[in-house]
Amino acid sequence: MTVPDHMFEPLKKISCIKRGIHTWEGDLICGSKNSYIATVVERQTRFTLLVKVDGKKTDTVVPALARQMTKLPRQLKQSLTWDRGTELASHQKFTVATDIDVYFCDPSSPWQRGTNENTNGLLRQYFPKGSCLSNYSQEQLDEVANQLNNRPRKTLGFLTPACKLEQVLQ
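The present account deals with the structure reproduced in this document. Here the structure is a predicted model, which means the values were calculated and not measured.

Observations concerning the overall build of the protein chain
Within the protein chain one finds six helices and five strands. Beginning at the N terminus, the succession of helices and strands in the protein chain can be written as α-β-β-β-α-β-α-β-α-α-α. Looking at the protein chain as a whole, 49% of its 170 residues qualify as buried. Long-range contacts, defined here as pairs at least 24 residues apart, represent 61% of the contacts in the protein chain between residues at least 6 apart.

Some words on the packing of helix H2 (residues 58-69) against helix H3 (residues 91-98)
Closest axis-to-axis distance for the H2/H3 pair is 9 Å, and the angle between their directions is 20°. When the axes of H2 and H3 are compared, the pair comes out roughly parallel. The handedness of the crossing between H2 and H3 is right-handed. On the side of H2, the interface is formed by Val62, Leu65, Ala66 and Met69, while H3 contributes Lys93, Phe94, Ala97 and Thr98. Its residues placed into classes, the contact of H2 with H3 shows six nonpolar, one polar and one charged.

Observations regarding the packing of aromatic side chains
Inspection of every chain in the model, using the stated rule, returns one aromatic pair. Aromatic pair phenylalanine 127 and tyrosine 136: ring centres 4.9 Å apart, planes at 85°, arrangement edge-to-face. Owing to a relative accessible area of 0%, phenylalanine 127 belongs among the buried residues under this scheme. Judged by its relative accessible area of 24%, tyrosine 136 is partly exposed.

Examining the sheet that holds strand S5 (residues 101-104)
The strand order S3-S2-S1-S4-S5 describes an open sheet built from five strands, whose pairing is mixed. Where the open sheet ends on each side, the last strands, each with one partner, are strand S3 (48-53) and S5. Averaged over all pairs of adjacent strands, the angle between strand axes in this sheet comes to 25°, irrespective of strand direction. As defined by bridge partners, strand S2 (residues 35-42) adjoins S3 across six bridges and the pair is classed as antiparallel. From the neighbouring strand, alanine 38 faces S3, where its bridge partner is valine 51. H2 rests against strand S1 (23-31), S2, S3 and strand S4 (79-82) of the sheet, and its axis sits at about 140° to S3. The sheet contacts of H3 involve S4 and S5, and relative to S5 the element is tilted by about 150°.

Section: unusual backbone geometry
Here the phi dihedral of lysine 33 falls at roughly 55°; this positive angle occurs in a residue that is not glycine. You can see lysine 33 is positioned in the loop between S1 and S2. A positive phi angle is found at aspartate 99, which is not glycine, with a value near 65°. Examined against the element boundaries, aspartate 99 turns out to sit in the loop between H3 and S5. You can call aspartate 99 partly exposed: its relative accessible area is 44%.

Calculation rules
- Residues numbered from 1 in each chain as written.
- Predicted model: local features only at pLDDT ≥ 70, side-chain atom pairs only at ≥ 80, totals over all residues.
- Heavy atoms only, no water.
- Helix = DSSP H or I, 4+ residues; strand = E, 2+ residues; numbered from the N terminus.
- Buried < 20%, exposed > 50% of the residue type's maximum accessible area, 1.4 Å probe, protein only.
- Contact = heavy atoms within 4.5 Å.
- Axes fitted to C-alpha atoms, helices over the stretch in contact; angles between N-to-C directions.
- Parallel < 35°, antiparallel > 145°, perpendicular 65-115°, else oblique.
- Left-handed = near helix turned anticlockwise from the far one by under 90°.
- Nonpolar A, V, L, I, M, F, W, Y, C, P; charged D, E, K, R; others polar.
- Phe/Tyr/Trp six-rings, centres within 6.5 Å; stacked < 30°, edge-to-face > 60°.
- Pairing = 2+ DSSP bridges.

Right, dumping it as structure tokens:
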């Protein structure tokens, strides 16, 4: 299944969003045996959510992602930027469920989701390439996200993403 080109927003709109707060970048990390974890990172604070998904088909990814992101406070629900993968082909259902607009990157432009790409690299310390990701429960993924969100980041002036998010929400 391919996503029609008319569903992709122009780069100009993405770059305008990138300057704002409470915009998220998302992707799937892939493991062995067709196992996946959805990763979602808030751009300004680097706060990370990990979502257990049972495969990469849109009918499994969208509901799982929506379940986790509906838990966010209203002020954190601005937009989500995703790559051109078919896992978000049903992005309209996600938007209806979460009130979060979805934008797509240009082809072969992972730098348009640079925060997420960097975070996925950090996550490989917890989930090495080639490991089966389906063995992790949502609770275990939440614990890994908690560890990552409480890890100081140079880009945040050595604050943690959790601390930075708390500051922003005050």
